[in-house]
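# Structural overview
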Amino acid sequence: RAKQRGRNTYHFFDPSHDRQLQVRFEQRQRFLEAIRNDELRLFYQPQVDMGSGRVVGVEALIRWQHPEEGLLSPAQFLPTIEATPLEVDLGEWVLEHAMRQLENWQERGIMLPVSVNISPAHLLIEDFSDRIARLLERHPKVLPAMLKLEVLETAAMHDIQAALATMARCQQLGVNFAIDDFGTGFSSLTHLRQLPVDLIKIDQSFVRDMLSDRDDMAIVESVIYMANRFQRPMLAEGVETLDHAKALMGLGCRLAQGYGIARPMSADLLPEWLQRWPKRSDWRALAREEVD
Ligand code: C2E
Ligand code: MG
Ligand code: MG
Ligand code: MG
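Residues numbered from 1 in each chain as written. Chains lettered and ligands numbered in written order. Predicted model: local features only at pLDDT ≥ 70, side-chain atom pairs only at ≥ 80, totals over all residues. Heavy atoms only, no water.

## Points about the overall build of the protein chain
For clarity, the threshold we go by: Strands here are runs of E lasting at least two residues and helices are runs of H or I lasting at least four, both read from the DSSP assignment and numbered beginning at the N terminus. Our radius of gyration is a C-alpha quantity, and the globule rule it is checked against amounts to 2.2 Å times the number of residues to the power 0.38. Relative accessible area decides the class of each residue, using a 1.4 Å probe on protein chains only: under 20% of the type maximum gives buried, over 50% gives exposed, and in between gives partly exposed. Contacts are residue-level and defined by heavy atoms, with any inter-residue pair within 4.5 Å sufficient. Charge convention: Lys and Arg are scored as positive, Asp and Glu as negative, and His as well as the terminal groups of each chain are ignored. A charge is said to be at NZ when it belongs to Lys, at CZ for Arg, at CG for Asp and at CD for Glu.
A count of helices and strands for the protein chain gives 14 helices and 10 strands. Relative to a compact globule of 292 residues, whose C-alpha radius of gyration would be 19 Å, the protein chain shows 21 Å and is just as compact. By principal-axis analysis of the C-alpha atoms, the protein chain measures approximately 80 × 45 × 40 Å. Within the protein chain, the proportion of its 292 residues that are buried is 45%. The contacts of the protein chain with a sequence gap of at least 6 include a subset with a gap of at least 24, amounting to 68%. Measuring between centres, the 34 positive side-chain charges of the protein chain sit 3 Å from its 42 negative side-chain charges.

What follows is the structure in structure tokens.
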């Protein structure tokens, strides 16, 4: 056997390929260390109802506080762990820490649901819903409905039956689901009917250019129209300006998240932001227009 493997290795030997594998392996080892050394951080980005100004929740977003390279964003390290067991390790870390944060805020009177991004590999492990059940048991003070799981439209599609079954079991536990990056997958509209989701998140790539790109505007319009027809709440991601906000409200979408409202921030900055937000006159004016 060993001999055969040796021969195969020889057969496929390619020094540059070998080096790439080595680099990947080292990056993954390093990420595992990051989890163990407590180098990961969760940042939180507020989600608001533009019509009332109410803050409806926050999304937890992973960062890596690398001792040499500084604060790394997901795009800088998620690709190296994609489709490896580390993705599940990360997911478990994020869930546990989001729950601790929920508990902490709750003790201080801040009652905001937290959304957590769940990778496809994580959602589709066999005992995912049991893990969620145990997570909730470990944090009995947190209401299950305060936890929202964000699943990519494409993720659920790998194995639609398994995904639907898992999502249904989690919902029985009281946990909510959001479908993330909606519009980027195939045949989105049929999925809308099938997926038991409580929130549809319109992908930021369409929102960003909706005011200048007619195709993107058409997608945003259609998603909002369909979501309203199916009576599913929807949220627009990537709301960077008041013009975006006005256009979205005009189309019938009130929930929003984006740099124009707030950038993702560390947990300790959130209470201060919550104090400041109601005083922002530009957004208050927008809310008033809606009420009038
Ligand atoms: P996502 O879940 O769609 O999260 C939204 C991303 O858009 C975040 O990027 C956020 O910072 C960014 N964003 C928010 N508002 C604006 C805006 O107005 N303009 C622009 N240009 N960008 C905006 P981030 O934090 O870099 O995360 C990127 C992606 O990485 C996330 O996309 C999500 O798919 C993934 N991710 C983040 N945290 C986690 C995690 O804990 N676990 C997993 N599995 N994936 C994560
Ligand atoms: Mg998300
Ligand atoms: Mg998204
Ligand atoms: Mg995204």
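## Overview of the site of ligand 1
For clarity, the threshold we go by: Throughout this document, a residue counts as near a molecule or strand when at least one of its heavy atoms sits within 4 Å of that molecule or strand. Any N or O atom pair separated by 3.5 Å or less is treated as a polar contact, with the protein-specific requirement of one donor-capable and one acceptor-capable atom, and with residues adjacent in sequence counted only for side-chain atom pairs. Note on areas: Shrake-Rupley, 1.4 Å probe, and residue coverage restricted to the protein chains presented here. Each residue gets one label: Ala, Val, Leu, Ile, Met, Phe, Trp, Tyr, Cys and Pro are nonpolar, Asp, Glu, Lys and Arg are charged, and the others, such as Gly, are polar.
Contacts to ligand 1 come from 21 residues, most closely from Arg-63, Asp-180, Gln-204, Glu-240 and Tyr-259. In this structure, a nitrogen atom belonging to ligand 1 sits 2.5 Å away from a side-chain N or O atom of Glu-240. Protein chains shield 82% of the accessible area of ligand 1, which is 790 Å² for the free molecule. Breaking the shell around ligand 1 down by element, the ones donating at least two residues are β2 (55–66), α3 (74–81) and β6 (176–182). A per-element tally of the shell around ligand 1 places β2 first, with 4 residues. Considering only residue class, the shell around ligand 1 consists of 8 nonpolar, 6 polar and 7 charged.

## Details of the packing of aromatic side chains
The line we're drawing: Each aromatic pair joins two rings of Phe, Tyr and Trp (for Trp, the six-membered one) with centres within 6.5 Å, and gets the label stacked for planes under 30 degrees apart, edge-to-face for over 60, and tilted for any other angle. The rule is short: NZ of Lys or CZ of Arg within 6 Å of the ring centre and within 35 degrees of the ring normal puts a charge over the ring.
For the coordinates displayed, the defined rule picks out 6 aromatic pairs. Between Tyr-44 and Trp-105, the aromatic rings sit 4.9 Å apart at their centres with planes inclined by 70 degrees, giving edge-to-face as the arrangement. Here Trp-105 lies in helix α4 (residues 86–107) and Tyr-44 lies in strand β1 (residues 40–49), a separation of 61 residues in the sequence. Summarising the aromatic geometry, the rings of Trp-64 and Phe-77 are spaced 5.7 Å apart at their centres and angled 85 degrees between planes, so their arrangement reads as edge-to-face. Placement of Trp-64 in strand β2 and of Phe-77 in helix α3 is noted, with a sequence separation of 13 residues between them. For the residue pair Trp-64 and Phe-77, the accessibility class agrees, reading buried in each case. Put simply, the rings of Phe-31, Trp-64 and Phe-77 pair up and form one aromatic cluster. A cation over an aromatic ring shows up here: Arg-263 above the ring of Tyr-259, its NZ or CZ 3.8 Å from the ring centre.

## Quick look at the nonpolar core
Operational definition: The term nonpolar core refers to a set of buried residues drawn from Ala, Val, Leu, Ile, Met, Phe, Trp, Tyr and Cys, joined through side-chain atoms within 4.5 Å.
Counting residues in each nonpolar core, the largest one holds 77 residues, and the members touching the most others are Leu-149 and Leu-248. Ranked by the residues each element gives to this core, the list is headed by α4, at 9 residues. Contacts of Leu-149, omitting those with residues within four sequence positions, involve Leu-95, Val-116, Ile-118, Phe-128, Ile-132, Val-175, Asn-176, Phe-177 and Ala-178.

## Concerning the pattern of salt bridges
Defined as follows: Criterion for a salt bridge: a side-chain nitrogen of Lys or Arg within 4 Å of a carboxyl oxygen of Asp or Glu.
This model, assessed by the stated rule, comprises 14 salt bridges. In this structure, Glu-96 and Arg-100 form a salt bridge, with 3.2 Å as the shortest nitrogen-oxygen distance. With Glu-96 and Arg-100 both in helix α4 and 4 residues apart, this pair spans about one turn of that helix. With a shortest N-O distance of 3.1 Å, Asp-127 and Arg-131 are connected by a salt bridge. Residue Asp-127 is classed as partly exposed on the basis of its relative accessible area, which comes to 26%. Arg-131 gets classed as partly exposed once you look at its relative accessible area, which sits at 27%. Residues participating in the shared-partner salt-bridge network are Glu-59, Glu-150, Lys-201 and Glu-237.

## A few points about the packing of α4 against helix α6 (residues 128–138)
Convention followed: Every axis in this analysis is a line fitted to C-alpha atoms, fitted for helices over the stretch in contact. Angles between the N-to-C directions lie between 0 and 180 degrees. Orientation categories follow fixed angle ranges, with anything under 35 degrees roughly parallel, anything over 145 roughly antiparallel, 65 to 115 roughly perpendicular, and all other angles oblique. The sense of a crossing depends on the near helix, which, turned anticlockwise from the far helix by less than a right angle, makes the crossing left-handed and, turned clockwise, makes it right-handed.
It is at 10 Å that the axes of α4 and α6 come closest, and there the two elements cross at 30 degrees. Between α4 and α6, the angle is such that the two are roughly parallel. In this structure, α4 meets α6 at a crossing whose hand is right-handed. Of the residues in α6, those in contact with Val-88, Glu-92, Leu-95, Glu-96 and Met-99 of α4 are Arg-131, Ile-132, Leu-135, Leu-136 and Arg-138. By residue class, the composition of the contact of α4 with α6 is 6 nonpolar, no polar and 4 charged.

## Quick look at the packing of helix α2 (residues 15–36) against α4
Put simply, α2 and α4 touch, their axes get as near as 11 Å, and they point 15 degrees apart. Here α4 runs roughly parallel to α2, going by the angle between their axes. Read as a crossing pair, α2 and α4 show a hand that is left-handed. Contact residues: α2 offers Arg-28, Phe-31, Leu-32 and Ile-35, while α4 offers Leu-86, Asp-89, Leu-90 and Trp-93. Partitioned by chemical class, the residues of the contact of α2 with α4 number 6 nonpolar, no polar and 2 charged.

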